[in-house]
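Residue-level structure breakdown
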Amino acid sequence: MERRPSKIGVSLAAARARDEASTAIHRVGDGTDEVRAAATENHHLNIGPGEPCLSEWRDAGLELPDLPAMRQYRLERTVAQLRAMDYGGAVLMDPMNIRYVTDTTNMQLWVMHNGARYCYVSADGYVIVWDYVNTEFFSGHSHVVDEVRPATGATYFLAGPRYREIGQRFAAEIGDVVAEHQRGNKRLAVDQCHQVGLLALADAGIEVGYGMEVMELARVVKGPDEIKAMRCAVHSCEATMAELAAALQPGMTEREVWAMLHAGNIRRAGEWVETQILSSGPRTNPWMQEASSRVIQDGEIVAYDTDLVGPYGMMCDVSRTLVAGDRDPDPRAVSLHSMAKDVLAHNTELLTPGRTVRELTFDSLLPDPERYRYYSCQYHGVGQCDEYPEVYMPMIWDDWGYDAVLEPNMVLTVESYIGDRHGGEGVKLENQVLVTESGPELLSTSSLDLRP
């Protein structure tokens, strides 16, 4: 195994030069030209987002992120959190956390339910990726990755009735890594893991801690290039939303409208949409109903939540409510829409550094919950996906609430859903907001109007 100096606490140029001199398998593969190219110039992250993104972002005056700098920032955030919590390292199976530490991807949705890809990061910044068979080249573009090995998946799909044996094999290899890289510290953070592997790690004498805590705390404050990446992702999402709004008309089904969001996201270098929350007319109340074959009628409300992972793996999570066709909407829906806009305006202004989650919980504007249905939370963090913290409704503080303090460069969404408990259509609005030293900055700037 090739050993190289640490990339933590050195300049980005030094860290990148260290990687470029490497002959590790994820850079050279089997030595053939096609695998080398797959790891370098043909890698989708090296090819870049392309058009129409680049032209749209340029016209909007947006700066592209420096991806190596973003990777270095994220690794250093993770290492700092491991050290702060006295872990010697972490094993990560959640593809969001793997992406955060390594900026590598491989079948992101598929590996969410198959333990066929995971990574390790030590408190010294040593990074190993265990990848799906014959795909070692997927880490060739990322200077923070030190090694790539074939994954040992112990889910029943992958291992069948040999899952116990293969789970032991998985744990034995992790145990060897802990012994080599953690300087006697047997505390290992694990975010999520197949059951047999997790039990085998504990049986091996490894003190397993909660890796999601480590990673959520690492991810909560965004670096400058993450913010640039998010600005690009939000702009691309809102360009697609504008296309959706322009095309919306009576006679379309909810699924036809929803398909436009998917298509625009993929065309603009996005990755996937996490939910299917779009509804029309009477299906807008209660909220959270998924897109259906229902035909949208003239003058009806159409409400949706983007919930999408866009370019650079950054989420854009905003909600809008529109009117289909030329007919005037129900005046009750117009009134609820005005209320929801007032909620967003008031609650956005509270997103200032030093404010606590408890203050957000109790100081935010919330229409009478006895009369109106409401959303599951008032705010939540956002980065690669929905992230910590989540700010609940004041009436469930005792059951669910916890405190934290807002810091500059955190990003949160401000939520508002209002649906009358006596019936009628409901309205959903949501904006994505950057916390800055001088106060809140809207990242999502598209119109909140019913007819934008």
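Residues numbered from 1 in each chain as written. Predicted model: local features only at pLDDT ≥ 70, side-chain atom pairs only at ≥ 80, totals over all residues. Heavy atoms only, no water.

Glancing now at the sheet that holds strand β5 (residues 187-190). Taken in spatial order, the 6 strands of this open sheet run β4-β3-β2-β1-β5-β6, and their pairing is mixed. The sheet terminates laterally at β4 (147-150) and β6 (207-210), the two strands that pair on one side only. Pairwise comparison of adjacent strand axes, ignoring direction, gives a mean angle of 25° for this sheet. Two strands pair when backbone bridges link them, and strand β2 (residues 118-122) and strand β3 (residues 127-131) are joined in this way by 4 bridges, in the antiparallel orientation. Across the sheet, residue valine 121 finds its bridge partner in β3, namely valine 127. (Pairing = 2+ DSSP bridges. Helix = DSSP H or I, 4+ residues; strand = E, 2+ residues; numbered from the N terminus. Axes fitted to C-alpha atoms, helices over the stretch in contact; angles between N-to-C directions.)

A full pass over the atoms with the stated rule returns 11 aromatic pairs. With centroids separated by 6.1 Å and ring planes inclined at 80°, the aromatic side chains of tryptophan 110 and phenylalanine 157 adopt a geometry described as edge-to-face. Pair noted here: tryptophan 110 is in the loop between α7 (95-102) and β2 and phenylalanine 157 is in helix α8 (residues 156-159), with a separation of 47 residues, a long-range link. The partly exposed category is assigned to tryptophan 110, whose relative accessible area is 25%. Taking relative accessible area as the criterion, phenylalanine 157 reaches 61% and is therefore assigned exposed. Ring centres of tyrosine 156 and tyrosine 163 lie 5.7 Å apart, and the angle between their planes is 55°; this geometry places the pair in the tilted category. Given the relative accessible area of 53%, tyrosine 156 is considered exposed. (Phe/Tyr/Trp six-rings, centres within 6.5 Å; stacked < 30°, edge-to-face > 60°. Buried < 20%, exposed > 50% of the residue type's maximum accessible area, 1.4 Å probe, protein only.)

When strand β14 (residues 379-382) meets strand β15 (residues 386-391), the two strands line up antiparallel, connected through 4 bridges. Pairing of histidine 380 across the sheet is with glutamate 390, part of β15. Remark: 3 residues form the turn of the hairpin made by β14 and β15, two consecutive strands paired antiparallel.

Right, let's talk about the pairing of β5 for a bit. A regular strand places its side chains so that they alternate between the two faces of the sheet. In the sheet, strand β1 (residues 89-92) pairs with β5 via 3 bridges, with the strands oriented parallel. When the bridges of β5 are listed, alanine 90 appears paired with alanine 189. The pairing of β5 with β6 spans 4 bridges and is parallel. Each bridged residue has a counterpart across the sheet, and for valine 190 the counterpart in β6 is tyrosine 210.

With that settled, the discussion passes to helix α10 (residues 195-203). Listing the buried residues of α10 in full gives Val196, Gly197, Ala200 and Leu201. The arc that holds the buried residues of α10, viewed along the axis, is 135°, so those residues lie on one side. Each element contacted by the buried residues of α10 is listed here: α9 (163-181), β5 and β6. (Arc of directions from axis to C-beta. Contact = heavy atoms within 4.5 Å.)

With that out of the way, let us pick up the side chain of asparagine 285. Note on placement: asparagine 285 falls in the loop between β8 (278-280) and β9 (301-305). Given the relative accessible area of 9%, asparagine 285 is considered buried. In terms of polar contacts, asparagine 285 uses its side chain to reach the backbone carbonyl oxygen of aspartate 420, at 2.9 Å. (Polar contact = N/O pair within 3.5 Å; in protein donor to acceptor, adjacent residues only side chain to side chain.)

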